[in-house]
Amino acid sequence: VGLVAVDHNGWDLHAQMGFWNEGRMQTQINHLSTALTAFWADIEAKRDSVVVVCESEFGRRIVENNSQGTDHGDASVGLILGTSVNGGRSFGQ
């Protein structure tokens with residue numbers, strides 16, 4: 001059993017976050033998606049023994065601030081990737 005942690009900076013989007021199709025948040029999502037896709041392809045033979053967890057170290061509020069970004073809050077999001085994950089569900093309110 002092993003554990004690897006990778007830090008990907010740039011998610012502190014207090015200002016000019018952008019929209020779903022453009023801007024800083026979209027750039028971050030594209031980087032994460034590209035990295036996860038490449039990693040998953042690279043470990044094809046070992047996928048059954050790997051689980052990837054992506055999470056944020058702090059929460060955000062859902063309401064946009066005056067700078068078109070989001071401030072620190074109580075909510076967060078994460079995702080889990082793996083062949084042993086029983087996915088397709090969301091938890092929370």
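Residues numbered from 1 in each chain as written. Predicted model: local features only at pLDDT ≥ 70, side-chain atom pairs only at ≥ 80, totals over all residues. Heavy atoms only, no water.

S.K.: Would you explain the overall build of the protein chain in this entry?
M.R.: A count of helices and strands for the protein chain gives 1 helix and 4 strands. Helices and strands in the protein chain line up, N terminus first, as α-β-β-β-β. Overall, the protein chain is about 50 × 25 × 25 Å in size when its C-alpha atoms are taken along their principal axes. Relative to all contacts within the protein chain whose residues are 6 or more apart in sequence, the contacts with residues 24 or more apart total 45%. (Helix = DSSP H or I, 4+ residues; strand = E, 2+ residues; numbered from the N terminus. Contact = heavy atoms within 4.5 Å.)

S.K.: Any chance you could explain a nonpolar patch on the surface here in plain terms?
M.R.: Together, Val-51, Val-53, Ile-80 and Val-85 give the surface a local cluster of nonpolar side chains, amounting to about 330 Å² of exposed area. Positionally, Ile-80 belongs in strand E4 (residues 78-81). (Patch = residues over 30% accessible without salt bridge, like charges linked within 9 Å, V, L, I, M, F, W, Y side chains within 5 Å. Areas by Shrake-Rupley, 256 points an atom, 1.4 Å probe, with all protein chains shown as cover. Salt bridge = Lys/Arg side-chain N within 4 Å of Asp/Glu carboxyl O.)

S.K.: Looking at this structure, how should I read unusual backbone geometry?
M.R.: Excluding glycine, residues mostly carry a negative phi; peptide bonds, for their part, are mostly trans. Although it is not a glycine, Gln-16 sits at a positive phi angle of roughly 50°. Checked against the element boundaries, Gln-16 lands in the segment before helix H1 (24-42).

S.K.: How should H1 be read in this particular structure?
M.R.: The periodicity of an α-helix, 3.6 residues per turn, causes residues three or four positions apart to be oriented the same way. Under the 1.5 Å per step criterion, the end-to-end length of H1 is 27 Å for 19 residues, consistent within 8% with the ideal 27 Å. Buried within H1 are the following residues: Gln-26, Gln-28, Leu-36 and Trp-40. Seen end-on, H1 carries its buried residues on one side only, within an arc spanning 160°. Every exposed residue of H1 that faces more than 90 degrees away from the buried side is listed here: Thr-34 and Asp-42. (Expected span 1.5 Å × (residues − 1). Buried < 20%, exposed > 50% of the residue type's maximum accessible area, 1.4 Å probe, protein only. Arc of directions from axis to C-beta.)

S.K.: Would you explain the pattern of salt bridges in this entry?
M.R.: Any two side chains of opposite charge can pair, given that their charged atoms come close. A full pass over the atoms with the stated rule returns 1 salt bridge. A salt bridge links Asp-71 to Arg-61; the nearest nitrogen and oxygen atoms lie 3.2 Å apart. Taken together, the residues Asp-71 in the loop between strand E2 (59-60) and strand E3 (72-73) and Arg-61 in the loop between E2 and E3 connect sequence positions 10 residues apart. Its relative accessible area of 25% is what places Asp-71 among the partly exposed residues.

S.K.: Where do I start with the confidence of the model for the protein chain in this structure?
M.R.: Do not read the predicted coordinates in detail wherever pLDDT is low. Across the protein chain, the average pLDDT comes to 87, with 99% of residues at 70 or higher. Confidence, read as mean pLDDT per element, is least for E2 in the protein chain (80) and greatest for H1 (93). (pLDDT = per-residue confidence, 0-100.)

S.K.: Can you walk me through the side chain of Thr-70 in this structure?
M.R.: Positionally, Thr-70 belongs in the loop between E2 and E3. Discounting chain neighbours no more than four positions away, the residues touching Thr-70 are Leu-13, His-14, Met-17, Arg-60, Arg-61, Val-63 and Asn-65.

S.K.: What is the right way to read the side chain of Asn-65 from this model?
M.R.: Structurally, Asn-65 is set in the loop between E2 and E3. A distance of 2.9 Å separates the side chain of Asn-65 from the side chain of Asp-71, its partner in a polar contact. Residue contacts for Asn-65: discarding those within four places in its chain leaves His-14, Thr-70 and Asp-71. (Polar contact = N/O pair within 3.5 Å; in protein donor to acceptor, adjacent residues only side chain to side chain.)

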